[in-house]
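Coordinate inspection notes
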Amino acid sequence: MVKSSKAQKKSNGNNGGGKPAAGDAPPLTAARVSSSALPAAAGVSSARQPVVPKRHDMWEQSLRQLDATAKSINLEPSVHEVLRHCKRTLEVAVPVKMDNGTLQVFQGYRVHHNQFRGPAKGGLRYHHEVSMDEVKALAMLMTWKCALMNIPYGGAKGGVVVDPRKLSIGELERLTRRFTSEIMIIIGPDKDIPAPDMGTDGQVMAWIYDTYNMTTGHAVPQIVTGKPVSLGGSLGRVEATGRGVSYITAAVAKEKGLDLKGLRVAIQGAGNVGSNAAKALHEMGARVVALSDVGGAIYSESGIDPFKLFSQVGPKDSIVGFPGTKSISNDELLALDADILIPAALGGVLTEKNAGEVKAKIVVEAANGPTTPEADEILRGKGVTVVPDILANAGGVTVSYFEWVQGIQYYFWELDEINTRLHKIMTKAFANLWALSKRERIPLRDAAMRIAVSRVAEANKMLGLFP
Ligand code: GLU
């Protein structure tokens, strides 16, 4: 795990990098309480409540999306009503002793949206703009994503309101261990299995794993996924989301009669997902013409070699200024005259303000929720094919599933077996979705939602209602 601000942009777990907004850090939202005030412990209270700026109303958007799907598939009203709610939400205070001796209280969340199809599954996000609404929306998205991939999980998500770049490695570890202990009442190897997301990585997962093991008194490898391979993590998990993005990009290009070789791809974000998608697409023969990080974007008409780029630019440095590339802004990247645009950073980057400028004919959503409903509408009107996040970035949770299965069996697979299985699951999900979209003449996102919600509803029907 890295702690420098520059380093963070390229190592922040599943959705890292990209949007400058992530670097425009508002002040940390947690209250600072001097440790000298601690003797009056009973009176120690947060000096002020965390103020979390609303990036975009993701929860409302998720509900609207579910409502529209419910209508289109004639979803039984009682099931619809249940799915409009998160099964369980937990809000925790996470007191952390800082390096300077003060105590700081961070706000944390863990949410289970649904568990009809299996244990709740989803990442843990460290970001200064995390809010309960965002975590709920992302948990719901996980329910749909796992159902769409047909893997046996419900949806969960967690988050801590923190800019991890501002913490020392020790502070980050203490925060993670205390947060884990606070959410232990709802996580478990067959209850809720956390994983990396924006701002967290394998090291954070290792601390979660160790805290859980220390508390239970024995090793429980299936409690968390995205662990380092040395601790029972899966081969290919780090690259899985980006690799999955490349499989889906290739599949959609093929369906549209395009040869991936030479196709011009612009990727917003150079974090885990963006960098690995760039490498996989480059290997497949696509031309990566632009990439970005928190420092800005780079462009080269003849193509950027991502292997060269990421081996030559240190993890603490910005990709901006890489020899042979031209510096452009993030907004210019989104509006580039490329064949395929891959937003691989934060949510809500394609909005009603910039969607009209998009020139790519295919948008592959590698980030979670990068397109607002207004932008979606505009892109639809322009005839742009938008491949939804719950399909495009599902490679991460799919290999998390493999990691969990391997952990349960204490039997580990070879990388080629993992990639073959990942390819099979992703292309099968894509084929189902593509066929439905063609048959019903509906956008891919609507098709994905119909398949996912129908599967969850079917499980609900079989389960019935307790009591
Ligand atoms: N955070 C990732 C996602 O949004 C992965 C979740 C997981 O592996 O459980 O899909």
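Notes on the structure follow. Predicted model, so just to flag it, every value in this text is computed and none were measured. (Residues numbered from 1 in each chain as written. Predicted model: local features only at pLDDT ≥ 70, side-chain atom pairs only at ≥ 80, totals over all residues. Heavy atoms only, no water.)

**Let's talk about the pattern of salt bridges**
Between side chains of opposite charge, a pair can form as their charged atoms come close. Selection rule: The rule for a salt bridge is simple: a side-chain nitrogen of Lys or Arg has to be within 4 Å of a carboxyl oxygen of Asp or Glu. In this text, helices come from DSSP runs of H or I with a minimum length of four residues, and strands from runs of E with a minimum of two, each type numbered from the N-terminal end. Partly exposed describes any residue whose relative accessible area lies between the buried limit of under 20% and the exposed limit of over 50%, with all areas from a 1.4 Å probe on protein chains only and scaled to the type maximum.
Applying the stated criterion to the full structure yields 19 salt bridges. Salt-bridge contacts for aspartate 192 lead to arginine 110; the nearest nitrogen and oxygen are separated by 2.7 Å. Of this pair, aspartate 192 sits in strand S6 (residues 192-196) while arginine 110 is found in strand S3 (residues 103-114), placing the two residues 82 residues apart along the sequence. Notably, a salt bridge pairs arginine 380 with aspartate 446, separated by 3.2 Å at the nearest N-O pair. Residue arginine 380 is located in helix H11 (residues 373-381), and its partner aspartate 446 is located in helix H15 (residues 444-463); the two are separated by 66 residues in the primary sequence. Taking relative accessible area as the criterion, aspartate 446 reaches 26% and is therefore assigned partly exposed. Among the ionic contacts, a cluster of salt bridges with common partners joins Glu365, Asp376, Arg380, Arg445 and Asp446.

**Focus: the side chain of serine 437**
Which entries qualify depends on this criterion: For this analysis, residues touch if any pair of their heavy atoms sits within 4.5 Å.
Within the secondary structure, serine 437 sits in helix H14 (residues 415-440). Under the relative-accessibility criterion, serine 437 is labelled buried at 10%. Every residue in contact with serine 437, bar those within four places of it in the chain, is listed here: Ile442, Pro443, Leu444 and Ala447.

**Description of H14**
Counted only if it meets this: Multiplying 1.5 Å by the residue count of a helix minus one yields the expected span of that helix.
The first and last C-alpha atoms of H14 sit 37 Å apart over 26 residues, in line with the 38 Å expected at 1.5 Å per residue. If you check which residues of H14 are buried, you get Ile418, Asn419, Leu422, Met426, Ala429, Phe430, Leu433, Trp434, Leu436 and Ser437. Phi turns positive, to about 55 degrees, at arginine 441, one or two residues after H14.

**Focus on the sheet that holds strand S13 (residues 385-387)**
Heads up, the condition is: Any two strands with at least two DSSP bridges between them are considered paired. A fitted line through C-alpha atoms represents every axis, and for helices the fit uses only the stretch in contact; the resulting angles, taken between N-to-C directions, go from 0 to 180 degrees.
Strand order across the open sheet formed by seven strands is S10-S9-S8-S7-S11-S12-S13, with mixed pairing between neighbours. Both outer strands of the open sheet, strand S10 (326-328) and S13, are each paired with one neighbouring strand and no more. The average angle at which neighbouring strand axes cross in this sheet is 20 degrees, direction not considered. Sheet analysis places strand S8 (residues 287-293) next to strand S9 (residues 296-299), joined by four bridges and oriented antiparallel. Counterpart to alanine 290 in the pairing with S9 is tyrosine 299. Where helix H8 (residues 272-283) meets the sheet, its contacts fall on strand S7 (264-268), S8 and strand S11 (340-343), and the angle it forms with S7 comes to roughly 165 degrees.

**So, the nonpolar core**
For clarity, the cut-off: Here, the term nonpolar core denotes a set of buried Ala, Val, Leu, Ile, Met, Phe, Trp, Tyr and Cys residues that are joined through side-chain atoms within 4.5 Å.
Core analysis: the biggest nonpolar cluster contains 90 residues, and Trp144, Leu291, Leu309, Ile342, Val387 and Leu391 have the highest contact counts within it. The dominant element in this core, judged by the number of residues it contributes, is helix H4 (residues 132-149), at 13 residues. For isoleucine 342, the residues in contact, after removing those within four places along its chain, are Val245, Thr249, Val265, Ala266, Ile267, Gln268, Leu281, Val364 and Ala366. Within the second largest apolar cluster, 27 residues are counted, among which are Leu90, Val94, Ile183 and Val204.

Remember, this is a structural readout, not a statement about activity or role.
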